[in-house]
Amino acid sequence: MIDPYDDNYFMKKALKEAQLAFEEGEVPVGALVVAKNRIIGRAHNLTERLNDVTAHAEMQAITSAANFIGGKYLTNCTLYVTLEPCQMCAGALYWSQISKIVYGAADLERGYKVMGTSLHPKTEVIGGVLEKESAELLKRFFIQRRNLN
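Residues numbered from 1 in each chain as written. Predicted model: local features only at pLDDT ≥ 70, side-chain atom pairs only at ≥ 80, totals over all residues. Heavy atoms only, no water.

### What about the sheet that holds strand E5 (residues 124-126)?
As summarised here, the arrangement of the five strands in space is E2-E1-E3-E4-E5, forming an open sheet in which the pairing is mixed. The sheet is open, and its two edges are formed by strand E2 (38-44) and E5, each paired on a single side. Geometrically, the sheet is characterised by an average inter-axis angle of 15° between neighbouring strands, direction not taken into account. Of the strands in this sheet, strand E1 (30-35), E2 and strand E3 (77-83) touch helix H3 (residues 57-69), which is tilted by about 145° from E2. (Pairing = 2+ DSSP bridges. Helix = DSSP H or I, 4+ residues; strand = E, 2+ residues; numbered from the N terminus. Axes fitted to C-alpha atoms, helices over the stretch in contact; angles between N-to-C directions. Contact = heavy atoms within 4.5 Å.)

Structure below.
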């Protein structure tokens, strides 16, 4: 049985969101916001559907969670995301004061770390959770995309 308090459990749910993005022709990134072991926000990339460069999975999940709790601060919440956040999303996560970020695959080209973006000083970060599965889905997407063009 899967322990619902385990990071792998929630990252598998984020991967399901990423799979939805893949099926919709979006870059396959999925995200969840969890509070007290309860999912309060879930999303995947919607940049193509909404024609909006800011419609990243993290941004959508932050908005969803903030609406759920009725406030803008996500203290005592954890973001699970299949790809390391970019600098835009890291900035939003900074302002949300999220307590913890767990991500799957590192983004060595556009991730917040390589771009030198800071998170809130109290935010704990854990990378590499289900990294292989997250990276494989992204790789499949971009191979498929290249073959279609």
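### Some details on the packing of H3 against helix H4 (residues 87-96)
When two helices pack together, you describe them by how their axes are tilted relative to each other and by the distance separating the axes. Running from N to C, H3 and H4 point in directions that differ by 20°, and their axes come no closer than 9 Å. In terms of orientation, H3 and H4 fall into the roughly parallel class. Helix-helix and strand crossings are classified by hand; for H3 and H4 the assignment is left-handed. Residues Glu58, Met59 and Ile62 of H3 lie in contact with H4, whose contacting residues are Met88, Cys89, Ala92 and Leu93. Among the residues forming the contact of H3 with H4, the class breakdown is six nonpolar, no polar and one charged. (Parallel < 35°, antiparallel > 145°, perpendicular 65-115°, else oblique. Left-handed = near helix turned anticlockwise from the far one by under 90°. Nonpolar A, V, L, I, M, F, W, Y, C, P; charged D, E, K, R; others polar.)

### Some details on the pairing of strand E4 (residues 100-105)
Most of E4 is tucked away, with six of its six residues classed as buried. Looking at chain direction, E3 and E4 are connected through five bridges and run parallel. By the bridge assignment, valine 81 is partnered in E4 with tyrosine 103. One crossover worth recording links E3 to the parallel E4 by way of H4, and it is right-handed. Two elements, E4 and E5, share three bridges in a ladder whose sense is parallel. (Buried < 20%, exposed > 50% of the residue type's maximum accessible area, 1.4 Å probe, protein only. Right-handed = clockwise from strand over helix to strand, strands pointing away.)

### As for the packing of aromatic side chains
Counted under the stated rule, the structure contains five aromatic pairs. Aromatic ring contacts, followed pair by pair, group Tyr9, Phe10 and Tyr80 into a single cluster. Positioned above the aromatic ring of phenylalanine 22 is the side chain of arginine 140, whose terminal nitrogen or guanidinium carbon lies 5.0 Å from the ring centre. (Phe/Tyr/Trp six-rings, centres within 6.5 Å; stacked < 30°, edge-to-face > 60°. Lys NZ or Arg CZ within 6 Å of the ring centre and 35° of its normal.)

### Examining the pattern of salt bridges
Here the structure, examined in full by the defined rule, presents four salt bridges. Where arginine 49 meets glutamate 24, a salt bridge forms, and the shortest distance between an N and an O atom there is 2.8 Å. On the criterion of sequence distance, the pair formed by arginine 49 in helix H2 (residues 47-50) and glutamate 24 in the loop between helix H1 (7-23) and E1 is long-range, its members being 25 residues apart. Under the relative-accessibility criterion, arginine 49 is labelled exposed at 56%. Of the charged contacts, one joins glutamate 109 and arginine 110 as a salt bridge, the two residues approaching to 3.9 Å between their closest N and O atoms. For glutamate 109, a relative accessible area of 61% puts it in the exposed group. Judged by relative accessible area, which is 56%, arginine 110 ranks as exposed. (Salt bridge = Lys/Arg side-chain N within 4 Å of Asp/Glu carboxyl O.)

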